[in-house]
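# Structural characterization, general
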Protein chains: 2
Amino acid sequence: MPGTSPVARLRARMEGHTLRGLLVTRLADVRYLSGFSGSSAACLILPGRSLIFTDARYRLQSNAEVKGFGVRVAGGREFFPRIADECRRAGIHKLGFEPDVLTWAMHRGLGNALRGIASLIPAPPLVEKLRVVKRPEEIIVLSRLARVTDTVLWRWRGGVKEGVSEAELEGRLLAVAREEGFSEPAFRPIVAAGRHSAMPHHHAGRGKLAEGAPLLLDFGLCGGGYNSDLTRTFCWGKVTKRYRDLYTSVFEAQQAALDIIRAGIPASAVDAAARDALRAHGFERYFSHSLGHGIGLEVHEAPRLNRESGDILEAGMIITVEPGVYLEGWGGVRIEDMVLVEERGCRVLTASPKGLEDNRL
Amino acid sequence: MPGTSPVARLRARMEGHTLRGLLVTRLADVRYLSGFSGSSAACLILPGRSLIFTDARYRLQSNAEVKGFGVRVAGGREFFPRIADECRRAGIHKLGFEPDVLTWAMHRGLGNALRGIASLIPAPPLVEKLRVVKRPEEIIVLSRLARVTDTVLWRWRGGVKEGVSEAELEGRLLAVAREEGFSEPAFRPIVAAGRHSAMPHHHAGRGKLAEGAPLLLDFGLCGGGYNSDLTRTFCWGKVTKRYRDLYTSVFEAQQAALDIIRAGIPASAVDAAARDALRAHGFERYFSHSLGHGIGLEVHEAPRLNRESGDILEAGMIITVEPGVYLEGWGGVRIEDMVLVEERGCRVLTASPKGLEDNRL
């Protein structure tokens, strides 16, 4: 439904679930619905009116950023009674909440405030489901972000030289990102040299580049609330047989996944395609994480690409595809791209070269 | 109890609450107890044994970082049944959980897995209460971090000149922090020039330094898991009467708070002292946030310094004291320091000059 606001589409979905009131507390959902970018807010969707609650620190910012919502400044102890008050005035008897966001204590506090007014109902992931298929303007933003991410990688690569530590490489990466206008990374970069690359989430330390060893870089930019995510693995100097075997397997696994991505395919089947390709090389058991995830206002969002996922790919989803193989004591290889799902295939949004020879340093 | 491990002290407190099993899911609590620094983990404290659960990405890292815990790699769907299994083997019939961390959905999933084995009990904030009073080695780490934060501010200040944008000032700050060995800020810095400084949580944008207008900088470093937090407000060029009035009031408010901080004082009384000082200048109603917060493994942790707080200060707590006054359309002033609570007073850990004249640019 292009041209329809996120809130209007949410309301249509709420009607489908006969839900007249919904409390939205996931910050990315709040941002998606309202445009508010602060760190403390909740949206209350009631029949005919949409409210956003924030605290006094954000009074000016919320008025500047938010359109189409009534702004209520009510932090701390005021929050629950104010929500209850609005529900009573709206004649709501059931209020939906996000069960995977609201804490047990918040649920209890809100339930107490709502006693005699409304009961709390765990809602299906309505806003998340909206966010999963990107609007045209979001696809533009994320595509541009992916290309700047390539640029940052390319410029960073020019400064890699023997003997440089992971920490220095991380510093250079963040400096280049900032020069390109991105002062906030999407997440702390993973910069892992040699054996450290066997830890999928290693943070930069004193590790250094060495002959024939992998250098794994996984990073993303954050701009306008949206995130990117890109991984490449580089080899310094001579390519050993083991390195070549691992790299080729991971490359083929990613290609196998990309080959079958299109609207209508189960996410679990894409994960399986990558695992099958790794199994053919005997490396499947060293692939210790899921194949990928949706990306947008959150670095990790729906859909999930793993064995257990029940998600079906739809045109307009933007996902990462990131197989990896990790050998304890030696190192690891991961290749990750951002991919737009299309009706008849997919479009890889990140365009950094990924052949083994392309990524020799 | 110096010399006693965090887990031993937690067990002593659990006994006081006749709690034989506790599931710890707040990451800062997990790090405090186990030393694990990854982004996905939970601790299960059972009679005679302590376990840490993480996912396969962290297999190597958890083995390298964690001492005194059995490591269990069980992510995704395996997590709840494995917890239940351990509880059954330990003969636990009640399992405490952290009610302000566990989501409603996690509580339900875990409750289902534990059916017939144990019931879930919302636990008091046992680990948070331990963390609130810092151990001697933590005081050393946080004191050093505060001093490096001063150094970064000092070096950053040397590069401030007319016409520079907030975004450039943020970039310079992060670059200086990195040169000092801190690649990860404690939070996204707040760099607010002129009217932007009226938004307590403004992020750097295109705002620029202008004559007679405030420049507010609020930032922190993160090292070894611990955080710092420091705010100074600067004036470029001529100091107007309004700037002087605001600055003097905020300075006096902070001093009034520092004057009464010592072990045994209610946190709400410290907040009130600052508000009283601002009220004397007619600015109390423009102080829209709380006076401060504990700081350590989290940027914001217990105790809370606000009107509603029931916390009592204890020797060894490290807190921020950060009064501010914000005038819409003009700007704001905030002064923040990190403070160690002592038996008979306090020690200000950050040492950046804070007189009005000290902070003219």
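Every chain is numbered on its own, with residues counted from 1 as its sequence reads. Written order decides the labels, with chains lettered from A and ligands numbered from 1. It should be noted that, the model being predicted, local features are given only for residues of pLDDT at least 70 and side-chain atom pairs only at 80 or more, the latter also being counted only at that level, while totals for whole chains, interfaces and linings use all residues. In computing side-chain properties, one takes all heavy atoms of the structure into account and sets aside hydrogens as well as water.

### With respect to the environment of Thr-103 of chain A
How we decide: The secondary structure listing takes helices from DSSP runs of H or I that are at least 4 residues long and strands from runs of E that are at least 2 residues long, numbered from the N terminus. It only takes one pair of heavy atoms within 4.5 Å for two residues to be counted as in contact.
Structurally, Thr-103 of chain A is set in the loop between β5 (94-97) and α5 (104-113). Each C-alpha atom of the pair Thr-103 of chain A and Asp-311 of chain A lies 25 Å from the other, and the pair is 208 residues apart in sequence. Ignoring anything within four residues of it in the chain, the contact list for Thr-103 of chain A reads Pro-99, Asp-100, Val-101, Leu-102, Thr-103 and Trp-104 of chain B.

### Concerning the domain arrangement of chain A
All names here are of chain A. Here is the rule we go by: Residue ranges labeled as domains rest on an automatic or database domain assignment. By buried area we mean how much accessible surface two parts lose on assembly, using a 1.4 Å probe and totalling the loss over both.
Assigned domains of chain A: these are domain 1 (6-131) and domain 2 (136-359). Computed from C-alpha coordinates alone, the two centres of domain 1 and domain 2 are separated by 35 Å. Taken together, the five residues of domain 1 in the interface contact six residues of domain 2. Taken as a group, Arg-31, Tyr-32 and Arg-131 account for 65% of the area that domain 1 buries against domain 2, more than any other trio of residues on that side.

### Structural notes on the side chain of Arg-9 of chain A
We count it as follows: Whenever two N or O atoms come within 3.5 Å, that pair is a polar contact, provided that in protein one can donate a hydrogen and the other can accept it, and provided that, for residues adjacent in sequence, both atoms are side-chain atoms.
Summarising the element assignment, Arg-9 of chain A is placed in helix α1 (residues 6-16). Polar contacts involving the side chain of Arg-9 of chain A include one to the side chain of Tyr-32 of chain A, which spans 2.8 Å.

### Re the pattern of salt bridges
Residue and element names in this part refer to chain A. We count it as follows: Salt bridge criterion: a side-chain nitrogen from Lys or Arg within 4 Å of a carboxyl oxygen from Asp or Glu. For the exposure calls, accessible area comes from a 1.4 Å probe over protein chains only, and a residue counts as buried if that area is under 20% of its type's maximum, exposed if over 50%, partly exposed in between.
Here the structure, examined in full by the defined rule, presents 70 salt bridges over all chains. Between Glu-301 and Arg-131 there is a salt bridge, and its shortest N-O distance comes to 2.6 Å. In this pair, Glu-301 is assigned in strand β13 (residues 301-305) and Arg-131 in helix α6 (residues 126-132), connecting sequence segments 170 residues apart. According to the relative accessible area criterion, Glu-301 is buried, its value standing at 3%. Across the pair Arg-279 and Glu-284 runs a salt bridge whose closest N-O atoms are separated by 3.8 Å. What emerges from the salt-bridge pattern is a single network uniting Arg-26, Asp-29, Glu-98, Asp-100, Glu-128, Arg-131, Lys-134, Glu-298 and Glu-301.

### Description of the interface of chain B and chain A
When the parts of a complex come together, some accessible area is lost, and that lost area is often taken as the interface size. Test applied: Think of it as three bins: nonpolar holds Ala, Val, Leu, Ile, Met, Phe, Trp, Tyr, Cys and Pro, charged holds Asp, Glu, Lys and Arg, and polar takes everything else, Gly as well.
With 33 residues of chain B in contact, the opposing surface of chain A contributes 33 residues. Carbon and sulfur atoms supply 61% of the area buried between chain B and chain A, which totals about 3200 Å² over both sides. When the buried surface of chain B facing chain A is broken down by residue, Arg-57, Leu-60 and Trp-104 of chain B rank first, second and third, together holding 22% of it. Linking chain B with chain A are four salt bridges. Arg-188 of chain B is the partner of Glu-184 of chain A in a salt bridge, and the nearest nitrogen-oxygen pair spans 3.3 Å. One can count 22 residue pairs in polar contact (both at pLDDT 80 or more) joining chain B with chain A. Elements that contribute at least two residues to the side of chain B that touches chain A include exactly α3 (59-65), α5 (104-113) and α8 (166-179) of chain B. With five residues, the top contributor of residues to the side of chain B that touches chain A is α8 of chain B. A per-class count over the side of chain B that touches chain A returns 15 nonpolar, nine polar and nine charged.

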